[in-house]
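One letter stands for each residue in the lines below.
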Amino acid sequence: MSAGNRAGTTDHGGAPGGAPRVAVFGSVNMDLVAYVDEVPASGETVTGTAFRQVPGGKGANQAVAAARAGADVAFLGAVGGDAFGDELRANLTAAGIAVSGLRTVPGVSGVAHIVVDGKGGNSIIVVPGANGEVTGVVDGDAALIEGSDALLLQLELPMEAVVSAARTGRGLGVPVYLTPAPARDLPAELLESVDVLVPNQHEAAAITGRTDPHEALAALLELVPEVLLTLGEDGSLHGRRGGEAVASPARRVTAVDTTAAGDTFCGSFAVARAEGRSPSQAMEFAAAAASLSVQRHGASSSMPSREEVEALLGGA
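Residues numbered from 1 in each chain as written. Predicted model: local features only at pLDDT ≥ 70, side-chain atom pairs only at ≥ 80, totals over all residues. Heavy atoms only, no water.

**Brief notes about the overall build of the chain**
Stage number 1. Broken down by element type, the chain carries 10 helices and 13 strands.
Stage number 2. A compact globule built from 316 residues should have a C-alpha radius of gyration of about 20 Å, and the chain, at 18 Å, falls within 12% of that.
Stage number 3. Across its three principal axes, the chain shows a C-alpha extent of roughly 55 × 45 × 40 Å.
Stage number 4. For the chain, the residues scored as buried account for 52% of the 316 residues in total.
Stage number 5. Within the chain, contacts between residues at least 6 apart in sequence are counted, and of these 68% link residues at least 24 apart.
Stage number 6. For the chain, the accessible surface area stands at approximately 12800 Å², while carbon and sulfur atoms represent 51% of it.
Stage number 7. Looking at the chain, you have 20 positive and 36 negative side-chain charges, and the mean spots of the two groups are 4 Å apart. (Helix = DSSP H or I, 4+ residues; strand = E, 2+ residues; numbered from the N terminus. Rg over C-alpha atoms; globule rule 2.2 N^0.38 Å. Buried < 20%, exposed > 50% of the residue type's maximum accessible area, 1.4 Å probe, protein only. Contact = heavy atoms within 4.5 Å. Areas by Shrake-Rupley, 256 points an atom, 1.4 Å probe, with all protein chains shown as cover. Lys, Arg positive; Asp, Glu negative; His and termini not counted. Charge placed at Lys NZ, Arg CZ, Asp CG, Glu CD.)

**Examining helix H4 (residues 159-172)**
Stage number 1. Its 14 residues give H4 an end-to-end C-alpha distance of 20 Å, which sits within 8% of 20 Å, the value for a rise of 1.5 Å per residue.
Stage number 2. By the burial criterion, the buried members of H4 are Met-159, Ala-161, Val-162, Val-163, Ala-165, Ala-166, Thr-168 and Gly-169.
Stage number 3. Elements in contact with the buried residues of H4: strand S1 (21-25), helix H3 (141-145), strand S8 (150-153), strand S9 (176-178) and helix H5 (188-191).
Stage number 4. One or two residues past the end of H4 sits Gly-173, with phi positive at roughly 75°. (Expected span 1.5 Å × (residues − 1).)

**Observations concerning the sheet that holds strand S2 (residues 29-35)**
Stage number 1. With mixed pairing, the four strands of this open sheet are ordered in space as S3-S2-S6-S7. Two strands in the sheet have a free side with no partner beyond their single neighbour: strand S3 (50-56) and strand S7 (122-127). Neighbour-to-neighbour, the strand axes of the sheet open up by a mean angle of 20°, direction not taken into account.
Stage number 2. Two elements, S2 and strand S6 (residues 110-116), share seven bridges in a ladder whose sense is parallel. Paired with Asn-29 across the strands is Gly-110, a residue of S6. (Pairing = 2+ DSSP bridges. Axes fitted to C-alpha atoms, helices over the stretch in contact; angles between N-to-C directions.)

**Overview of the UniProt feature "binding site: K(+)" (unreviewed entry) in the chain**
Stage number 1. The residues that UniProt annotates with the feature "binding site: K(+)" (unreviewed entry) are Asp-257, Thr-259, Ser-293, Arg-296, Gly-298 and Ser-302. On the basis of their most widely separated C-alpha atoms, the annotated residues across 46 residues gather in one place, lying no more than 9.5 Å apart.
Stage number 2. For Asp-257, the location among the structural elements is in the loop between strand S13 (246-248) and helix H8 (261-274).
Stage number 3. Among the residues examined, Asp-257 registers a relative accessible area of 0% and is labelled buried.
Stage number 4. Leaving out residues up to four positions away in the same chain, Asp-257 has contacts with Tyr-35, Val-116, Gly-120, Ser-293, Val-294, Arg-296, His-297 and Gly-298. (UniProt positions renumbered as here; feature names shortened; annotations may be inferred.)

**Considerations on the sheet that holds strand S5 (residues 98-105)**
Stage number 1. Here nine strands make up an open sheet; going across it, the order is S5-S4-S1-S8-S9-S10-S11-S12-S13 and the pairing mixed. Only two strands of the sheet have a single partner each, and these edge strands are S5 and S13.
Stage number 2. With four bridges connecting them, S1 and S8 associate as parallel partners. Within S8, the residue paired with Ala-23 across the bridge is Leu-151.

**Points about unusual backbone geometry**
With the exception of glycine, most residues fall at negative phi, and the peptide bonds are largely trans.
Stage number 1. A cis amide bond links Ala-181 to the next residue, Pro-182, at an omega of 0°.
Stage number 2. On the secondary structure map, Pro-182 appears in the loop between S9 and H5.

**Focus: the pairing of S5**
Stage number 1. Bridge count between strand S4 (residues 72-80) and S5: six bridges; the pairing is parallel. Paired with Gly-77 across the two strands is Leu-102, which belongs to S5.
Stage number 2. Once the chain exits S4 it traverses helix H2 (residues 83-94) before rejoining the sheet at S5, and the crossover so formed is right-handed. (Right-handed = clockwise from strand over helix to strand, strands pointing away.)

Okay, structure coming up:
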């Protein structure tokens, strides 16, 4: 996509007959997941019901979601020189993701300690590890980003790294998606390079101070040209500057684990838009993918294939 076609952020379209290309610059962690009936209070010890070790990290999760949704994906980030690093790299490779941009740095890989309660809700502690050593785009990264239909970013890397990647995407004419998680202040030098902001309701409120979704959407559109606001079981809300807001419902399912549901939604939405689907069609596709993911345990391990999503939509 050429630099002169920045309107592609709202009128995406991959090459006819070819899979969309997606680059993901972000975090990769090993998720250490404990399942409990109720999350313990401070100082309290409870007995868990299960434990799983699952590759994750918001960046890697979005990469896997995009790959399973049908995109050719390149991942850029870092792992440590430990056993987790080897496993994380192998997991991305097994998903069909190009990992030439995944560097290995001294020390440990990132980990996330996740507690999932009996209702499928979760709380997460992220220890950055190797992710914290990524300070920006390095030689070879721009070549992996160039020509992509979307560049997906999150905030589990140092802010200077995210800004560097966003500016690279902007300079190459690649639509830049930002998931502002974990919630934090967004510097102007980052926002000026973002095309599509993808916050959840909590993150939108943290940025704007508005808890009403429509008010938050309006405030966010003063910062970036396009917003996809995810609302959990209330669905999602999409808006573009100068356009009407579009709401899409969530599918009604019984959730067992909501870990990475937002990443599944974002990765699937970006692929659907790159294929030329309208925002409402892309939201429907992403909602179907997320509904399947929350009915399974784990992060990347819960994400559905394109065939599963299409089958669900075909049976709707």
